[in-house]
Amino acid sequence: MCIVTLVAWWGTNAFLPLVAAFLAGPDAAPSVRAGFITYASTMFNLGGLVGTLATIPVARLGRRALFALYLAGGAASIWVTFGGDWEPVVRMRLLFLDGLTVYGVAGTFSFYLPELFPTRLRGTGAGFCYNAGRYLAAAGPFVVGRALGAAATPMDAIRWMALVPLAGLVLVPFVVEPRRLTAAAPGSAAR
């Protein structure tokens with residue numbers, strides 16, 4: 001899950017300045033181009049903030065459902081944001097949905113990964129899983145960067161990143177659902 005979500009995040013977010021500058025147009029003044037870059041980044045990050053905060057209530061559905069929702073939403077939002085024929089401002093507003101799903105799912109790892117390990121190994125286990133995912137996911141921007149050379153627009157290359165979270169849906173049945181405490185141990189006071 002770490003690899004899938006990080007590849008999708010890096011494959012879209014790393015190229016937001018390029019996308020925004022392209023949307024501003026080749027003849028845009030530097031201040032206009034900077035404004036487009038700021039607006040696109042803000043929309044993506046604002047979506048990411050909302051998506052990260054939403055992982056807490058969505059997690060009540062179960063970890064498999066949480067990942068399935070975010071991965072399906074990520075695939076759809078990437079394809080819609082980068083695959084559609086939108087006006088520049090509309091496309092930049094759609095980056096909110098991309099951030100909501102692609103960036104938001106990263107909030108899951110702060111509570112999901114520690115749940116997978118016994119207390120004495122939580123920091124090491126969670127850190128290893130997340131950061132091993134980072135090393136392996138570093139290939140994502142290189143793949144998109146290579147595709148940019150052959151694509152007519154940055155959006156033509158980035159929209160194919162939608163296949164990454166879509167492929168991640170195959171892994172959802174393997175997501176471990178943590179055991180939930182259903183009752184306090186006999187003789188212990190509820191705290």
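Everything that follows concerns the structure shown earlier in this document.
Let me sum up the structure you'll find in this document.

On a plain count of helices and strands, the protein chain comes out with 10 helices and 0 strands. Its helices and strands taken in sequence order, the protein chain reads α-α-α-α-α-α-α-α-α-α from the N to the C terminus. Evaluated residue by residue, the protein chain yields a buried proportion of 39% over its 191 residues. Taking the contacts inside the protein chain whose residues are at least 6 apart along the sequence as the reference set, 77% of them involve residues at least 24 apart.

Attention now goes to the layout of surface pockets. Space inside the largest pocket adds up to approximately 220 Å³. M1, C2, L113, L116 and C129 are, among the 13 residues lining the largest pocket, the residues nearest its centre. Listed by contribution, the elements that provide at least two residues to the lining of the largest pocket are α1 (2-13), α6 (109-115) and α7 (122-137). Taken together, the residues that form the lining of the largest pocket break down as 12 nonpolar, 1 polar and no charged.

The subject of this paragraph is empty space enclosed by the protein. Applying the stated rule across the entire model yields 1 cavity of 30 Å³ or more. Each pocket or cavity is described by its volume, and for the largest cavity that value is around 50 Å³. In terms of lining residues, the largest cavity is bounded by T5, A8, W9, Y70, L71, G74, T101, V102, V105 and P165. Only α1, α4 (63-83) and α5 (88-103) provide two or more residues apiece to the lining of the largest cavity. Across the lining of the largest cavity, the residue classes break down as 7 nonpolar, 3 polar and no charged.

We now examine helix α2 (residues 16-24). Within α2 the residues assigned to the buried category are L16, V19, A20, A21, L23 and A24. Buried-residue contacts for α2 involve α1, α3 (30-58), α4, α5 and α9 (154-158). Just downstream of α2 lies G25, where phi reads positive at about 100°.

Another aspect to go through is the environment of L169. Tracing the backbone through its elements, the reader meets L169 in the segment after α10 (163-168). When the C-alpha positions of L169 and F67 are compared, they lie 7.9 Å apart, and in sequence the two are 102 residues distant. Excluding residues within four positions of it along the chain, L169 makes contact with A68, L71 and A72.

Bringing a nonpolar patch on the surface into the picture now. On the surface, a nonpolar cluster with roughly 360 Å² of combined accessible area is contributed by L46, L49, V50 and L53. Within the fold, L49 resides in helix α3.

Calculation criteria
- Residues numbered from 1 in each chain as written.
- Predicted model: local features only at pLDDT ≥ 70, side-chain atom pairs only at ≥ 80, totals over all residues.
- Heavy atoms only, no water.
- Helix = DSSP H or I, 4+ residues; strand = E, 2+ residues; numbered from the N terminus.
- Buried < 20%, exposed > 50% of the residue type's maximum accessible area, 1.4 Å probe, protein only.
- Contact = heavy atoms within 4.5 Å.
- 1 Å grid on protein atoms, 1.4 Å probe; cavity = no way out; pocket = protein on both sides within 12 Å on 5 of 7 lines; lining within 4 Å.
- Points joined across faces, edges and corners; volume = space filled by probe spheres on them.
- Nonpolar A, V, L, I, M, F, W, Y, C, P; charged D, E, K, R; others polar.
- Patch = residues over 30% accessible without salt bridge, like charges linked within 9 Å, V, L, I, M, F, W, Y side chains within 5 Å.
- Areas by Shrake-Rupley, 256 points an atom, 1.4 Å probe, with all protein chains shown as cover.
- Salt bridge = Lys/Arg side-chain N within 4 Å of Asp/Glu carboxyl O.

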